[in-house]
There are 2 protein chains.
Amino acid sequence: MKKVNNTAGLKLFLSVVLLIAAAGCKKEGIKEDSTAKEKAPTAVSSGDHLPSWNDTKVKQDIIAYVKDVTNTESPNFIPVKDRIATFDNDGTLWAEQPFYFQLFFALDQVKALAPKHLEWKSKQPFKAVLENNMGELMKQGKAGLMQIVAVSHAGMSTDEFEASVGRWISTAKHPTKKKLYRELIYQPMLELVKYLQDNQFKVFIVSGGGIDFMRAWAEDVYGIPKDQIVGSTLQAKYDYNNGKPVITKLPALDFNDDKEGKPVAIEKYIGKKPVFSAGNSDGDLQMLQWAASNKYKNFELYVHHTDSIREWAYDRKSPVGTLDKGLDEGKAKNWAFADMKKDWKVIFPGN
Amino acid sequence: MKKVNNTAGLKLFLSVVLLIAAAGCKKEGIKEDSTAKEKAPTAVSSGDHLPSWNDTKVKQDIIAYVKDVTNTESPNFIPVKDRIATFDNDGTLWAEQPFYFQLFFALDQVKALAPKHLEWKSKQPFKAVLENNMGELMKQGKAGLMQIVAVSHAGMSTDEFEASVGRWISTAKHPTKKKLYRELIYQPMLELVKYLQDNQFKVFIVSGGGIDFMRAWAEDVYGIPKDQIVGSTLQAKYDYNNGKPVITKLPALDFNDDKEGKPVAIEKYIGKKPVFSAGNSDGDLQMLQWAASNKYKNFELYVHHTDSIREWAYDRKSPVGTLDKGLDEGKAKNWAFADMKKDWKVIFPGN
C-alpha cells in the first residue's frame, strides 16, 4: 500500500478553489442568464439518431464519420473491438458552472454532517463552509481542503460513499438553474453516446472527476457501465472485517485523471487508443491528441460553451473549464466544435 | 506524476524469485512428469457448453448456478448489468510452473537484447541470466531484479512493449512442456469463460501479472477485451513528442494486483463486486472473499492443481501458486474446487 499521508491528495479540489480564487469569485469570462427558459424539445424524427442537434456541419460530420468507419466496404472500416470512444464528463456530458458539481457535493456533505459536529460552527475550514463564505474557505488553503475531502470522500466504505452520493444526486439542486444536478446533462451528448453505442462503439467516460462519485449515478443517467467510467481515484484498502469484507476510501490521491493523466488512464484502464474522443477544455487536450494519433480514422470533438442564455458562455478566460490552448490546437487541426448556441436545438433533457 | 524511483517496483518479480530461492530451486511440493501425453480431445456434444469437463459435481454446480441466476423467474435472478465474473490468470487460465511465464519473458528479453550489450557478458545481473544461473541471479537481489525489469518492461513506449510481448508469445516455448506458452492455457476454463459470456456475464481477468503483458495476447487467446483485463501496473508518462504522442513505461510499480490488491483493483477498474470468481492460489483468496460477500447469489471456484501427469500437482508447499489458507477457507465455506485430475477431461487445447 502507498502511504496515506500523500499531500498531493487534493489537487483536483484545490485546483478548482485556486482557480476560483484567481478569478476573484467574479466568474470572469462566464456569461449566464439564469432566468431564461429553453425551447420545447423537438420530436424525434424517424431515423434521426441525433434529433437534438441542428442539421449543421458538426452533426453531418459525425454521421459521415460513423457511417464510414462502420462500413465493411470502406478502407476506413474499424473492427468492432477497436471502436473505443472516450468522453470527458464535466462540461462535456453535464454542466460544470460555477464550479464542478462534485465540489458542491463535498460542501453539501459538510453541511449534512454538521449536526454531529457542533464544534464545526467555530472551527475552520468547516465554519467557512457552513457560512457559505467561499473567500474564507480559500484562505484555508490545502490543509483546509484536505479536511473537507477527508470528511466528504474518505474514511468510509465504498458502499457508504455510494449511498451518500446517491442521496445527494437525487435531491440536491443547482443554486441558479434550480434543477437537480443530474438534470443538467446535455441531451445532444446523450444522443451521441447512444448513437455510438448503437454502432457498436464501446463508450467510456474519462474524467478528472472522482471515479466512484461518477459511478454512483452515471451508469443509470448516461447508460454507460460502471467499469467504463474512468476518473480520479483516492487510495483504498481492503479489510476482511471478520468475514464482512469492506474497502475503505483513504484521504490520499491515487491518480489525478486530468491533462497528461488522461492518456495514461486510457492506457491503464482501456489499453487501446480511442477512435472517437470528446471534451470541452484544455484538461481534455492530451486525450484528444492521443485519439488523433490513432492509426484508424478518428474523430475529435470539442463542446464549445457559447450559450449564455440556455447554459453558460465561456472558454479562454473561464476559471473552470478553460478552453484556450485546445481552442487554438483544435481549430488548427480541424477538429469538430459543437457550438452549443448554434448546433444544439436543446441543451438539457425534458424541457 | 508520481516519483519514478519507487523501489517497490519489483515486488511481483522479486516475490517470484524469493519464493524460488526459498524452495532452493528444487520445486519442492510440485510433481511433474513432462514426458506424459494427453488424451485425445472429446467431441463437443450438442448442447454441452463445458465438454472438456467431466460430468462431476463441480460442473453440475456451475451449470445449476448459471441457470438459476439467469432465470428471470428465480428469486436469485441477477440483472445483466451486475453479472460480473473475475478470473485470475496464472494457474487459473494458463499454467504457471516452474514459475510465472512473465518471468521467462523477462529473462528471454535480456537474452534477446544481449547482442546490443556486450558488456552484459561480464556484468551482473545480466551475466547470471545469460548463463541461466538462477542461483546467482537470486543473489543479485532487489537491485539486480530492478535492472532486469528496467530493460525488459520499461524505458520503452507502450507500443514497443506490446510488439515485444507479441513476438515472444508467438515463438517462445516452455522448457519442459515444449509447447508455446500460449498453448499452455486450460481448455476447460476457456469453455467456462465462453459459457459465462454466452449467459451475458461480463468476464474480467484480475491477475497479479502485468496488465500490458497480458493485454498483448489475452484478448485474442481468451476472447476477453483488453479493457476487461486488470493486472499489476508500472507507472507511465505521456509525452506529446511533437505531435506523435507516446506513453512511456517507467521502471516503478504503480499497483501490485495481488492478495488484498485484488478487491481494491476490482473496485477501481470494475466498481462492482463479482458474482462469479475463480482463482487457484492464496493470492486469489481476498478476491474470492470479496465475491462471496456479494448480495447476489455468488460462486467461488478454486482450480486445484492435482495432475502431475498432464500438468503439475501442487498446493500448500509450492513456491509458485501456493494454495494453503485458501484450501482451508474454501473447503470450510463450501467453495467449488476443480480437481484437474478428476474433473477435467483435457487440460490444454488441441491435444
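See the structure shown above.
What this report covers is the structure whose coordinates are included nearby. What you see is a predicted model, and the numbers here were worked out from it, not measured in a lab.

So, on to the overall build of chain A. A tally of helices and strands in chain A yields 13 helices and 7 strands. Expressed as a percentage of the 351 residues in chain A, the buried residues total 57%. About 14300 Å² of surface is accessible on chain A, with carbon and sulfur atoms providing 52% of the total.

On to the interface of chain A and chain B, then. Counting residues at the interface gives 38 residues for chain A, matched by 38 residues for chain B. Both faces combined, the contact of chain A with chain B buries some 3300 Å², and carbon together with sulfur accounts for 54% of it. Summed over the three residues of chain A that lose the most area to chain B, namely A:Asp227, A:Tyr238 and A:Lys268, the buried surface amounts to 19% of that side. Note that A:Lys202 and B:Asp227 form a salt bridge whose closest N and O atoms lie 3.0 Å from each other. Counting every contact that joins chain A to chain B gives 20 residue pairs in polar contact (both at pLDDT 80 or more). Within the residue set of the side of chain A that touches chain B, elements represented by two or more residues are strand E2 (202-210), helix H9 (211-222), strand E3 (229-239), strand E4 (246-255), helix H10 (261-269) and helix H11 (285-292) of chain A.

Residue and element names in this part refer to chain A. On the surface, a cluster of positive charge is contributed by Lys31, Lys331, Lys341 and Lys342. In this structure, Lys342 sits in helix H13 (residues 340-343). Take Lys342: its relative accessible area is 60%, and that puts it in the exposed class.

This part takes up the packing of aromatic side chains. All names here are of chain A. Per the counting criterion, the structure on display carries 50 aromatic pairs over all chains. Ring centres of Tyr65 and Phe276 lie 6.3 Å apart, and the angle between their planes is 50°; this geometry places the pair in the tilted category. Of the two residues, Tyr65 sits in helix H2 (residues 57-69) while Phe276 sits in strand E5 (residues 276-279), which places them 211 residues apart along the sequence. For the residue pair Tyr65 and Phe276, the accessibility class agrees, reading buried in each case. What links up through ring pairs into an aromatic cluster is the set Trp94, Phe99, Phe101, Phe104, Phe105, Phe161, Trp168, Tyr181, Phe213, Trp217 and Tyr222. Taking NZ or CZ as reference, Lys249 lies 4.4 Å from the ring centre of Phe161, over its face.

What follows concerns the sheet that holds strand E1 (residues 84-87) of chain A. Residues and elements named next belong to chain A. Pairing is mixed across the open sheet formed by 7 strands, whose spatial order is E4-E3-E2-E1-E5-E6-E7. Looking along the sheet, the strands with just one partner apiece sit at the ends: E4 and strand E7 (336-339). On average, each strand axis in the sheet is tilted by 30° relative to the strand beside it, whichever way the strands run. Judged from the 3 bridges that link them, E1 and E5 form a sheet pairing that is parallel. Directly across from Thr86, in E5, lies its bridge partner Ser277.

Moving on, we get to helix H11 (residues 261-269) of chain B. Among the 9 residues that make up H11(B), 9 are buried, leaving the element largely enclosed by the rest of the structure. Positive backbone phi, at 80°, marks B:Gly271, one or two positions downstream of H11(B).

Let us now look at the packing of helix H7 (residues 158-169) of chain A against H9(A). Residue and element names in this part refer to chain A. Running from amino to carboxyl end, H7 crosses H9 at an angle of 60°, the nearest separation of the two axes being 9 Å. Between H7 and H9, the crossing angle belongs to the class labelled oblique. The hand of the H7/H9 crossing is right-handed. Every residue of H9 that contacts H7 at Phe161, Glu162, Val165, Trp168 and Ile169 is listed here: Asp212, Phe213, Ala216 and Trp217. Tallied by class, the residues present in the contact of H7 with H9 amount to 7 nonpolar, no polar and 2 charged.

All right, on to the relation of the copies chain A and chain B then. Between the two copies, chain A and chain B, the superposition gives an RMSD of 0.0 Å; the rotation angle is 180° and the shift along the axis is 0.0 Å. Within this description, the copies of the chain are treated as partners about a two-fold rotation axis. Minimal C-alpha separation from the rotation axis in chain A is found for A:Tyr269, amounting to 3.4 Å. The overlap is high: 100% of the interface residues of chain A also sit at the interface in chain B, so the same surface is used on both sides.

Attention shifts here to the pattern of salt bridges. A full pass over the atoms with the stated rule returns 40 salt bridges over all chains. Notably, a salt bridge pairs A:Glu162 with A:Lys226, separated by 2.7 Å at the nearest N-O pair. Of this pair, A:Glu162 sits in helix H7 while A:Lys226 sits in the loop between H9 and E3, and the two are 64 residues apart along the sequence. Judged by relative accessible area, A:Lys226 falls into the buried class, the value being 10%. The closest approach of N and O atoms between B:Asp284 and B:Lys262, which form a salt bridge, is 2.7 Å.

Glancing now at the side chain of B:His174. Residue and element names in this part refer to chain B. On the secondary structure map, His174 appears in the loop between helix H7 (158-169) and helix H8 (187-198). On the basis of relative accessible area, His174 is assigned to the buried category, the value being 1%. At 3.2 Å, the side chain of His174 and the backbone nitrogen of Thr176 are in polar contact. Within the structure, His174 has its side chain in polar contact with the backbone nitrogen of Lys177 (distance 3.0 Å). Setting aside residues up to four positions removed in sequence, His174 forms contacts with Gln97, Pro98, Phe101, Lys179, Tyr181, Leu184 and Trp312.

For the rest of this paragraph, the subject is H9(A). Residue and element names in this part refer to chain A. The buried count for H9 comes to 10 of 12 residues, which makes it a mostly enclosed element. Regarding H9, the residues found buried are Ile211, Phe213, Met214, Arg215, Ala216, Trp217, Ala218, Glu219, Val221 and Tyr222. Downstream of H9 by one or two residues, Gly223 has phi in the positive range, about 70°.

Residues and elements named next belong to chain B. Strand order across the open sheet formed by 7 strands is E4-E3-E2-E1-E5-E6-E7, with mixed pairing between neighbours. Where the open sheet ends on each side, the last strands, each with one partner, are strand E4 (246-255) and strand E7 (336-339). Neighbour-to-neighbour, the strand axes of the sheet open up by a mean angle of 30°, direction not taken into account.

All names here are of chain B. Taken N-terminus to C-terminus, the directions of helix H2 (residues 57-69) and H8 make an angle of 15°; their axes are 11 Å apart at the nearest point. By the angle class used here, H2 and H8 are roughly parallel. As for how H2 packs across H8, the hand of that crossing is right-handed. When H2 is examined against H8, the residues Ile62, Ile63, Val66 and Lys67 are found in contact with a partner set consisting of Leu192, Tyr195 and Leu196. Here the residues of the contact of H2 with H8 are counted per class, giving 6 nonpolar, no polar and 1 charged.

In this section: empty space enclosed by the protein. Per the counting criterion, the structure on display carries 3 cavities of 30 Å³ or more. Space inside the second largest cavity adds up to approximately 50 Å³. Taken together, the residues of the lining of the second largest cavity sort by class into 6 nonpolar, no polar and 2 charged.

Rules used in this analysis
Residues numbered from 1 in each chain as written. Chains lettered and ligands numbered in written order. Predicted model: local features only at pLDDT ≥ 70, side-chain atom pairs only at ≥ 80, totals over all residues. Heavy atoms only, no water. Helix = DSSP H or I, 4+ residues; strand = E, 2+ residues; numbered from the N terminus. Buried < 20%, exposed > 50% of the residue type's maximum accessible area, 1.4 Å probe, protein only. Areas by Shrake-Rupley, 256 points an atom, 1.4 Å probe, with all protein chains shown as cover. Contact = heavy atoms within 4.5 Å. Buried area = accessible area lost by both parts, 1.4 Å probe. Salt bridge = Lys/Arg side-chain N within 4 Å of Asp/Glu carboxyl O. Polar contact = N/O pair within 3.5 Å; in protein donor to acceptor, adjacent residues only side chain to side chain. Patch = residues over 30% accessible without salt bridge, like charges linked within 9 Å, V, L, I, M, F, W, Y side chains within 5 Å. Lys, Arg positive; Asp, Glu negative; His and termini not counted. Charge placed at Lys NZ, Arg CZ, Asp CG, Glu CD. Phe/Tyr/Trp six-rings, centres within 6.5 Å; stacked < 30°, edge-to-face > 60°. Lys NZ or Arg CZ within 6 Å of the ring centre and 35° of its normal. Pairing = 2+ DSSP bridges. Axes fitted to C-alpha atoms, helices over the stretch in contact; angles between N-to-C directions. Parallel < 35°, antiparallel > 145°, perpendicular 65-115°, else oblique. Left-handed = near helix turned anticlockwise from the far one by under 90°. Nonpolar A, V, L, I, M, F, W, Y, C, P; charged D, E, K, R; others polar. Least-squares fit on C-alpha atoms with pLDDT ≥ 70 in both. 1 Å grid on protein atoms, 1.4 Å probe; cavity = no way out; pocket = protein on both sides within 12 Å on 5 of 7 lines; lining within 4 Å. Points joined across faces, edges and corners; volume = space filled by probe spheres on them.

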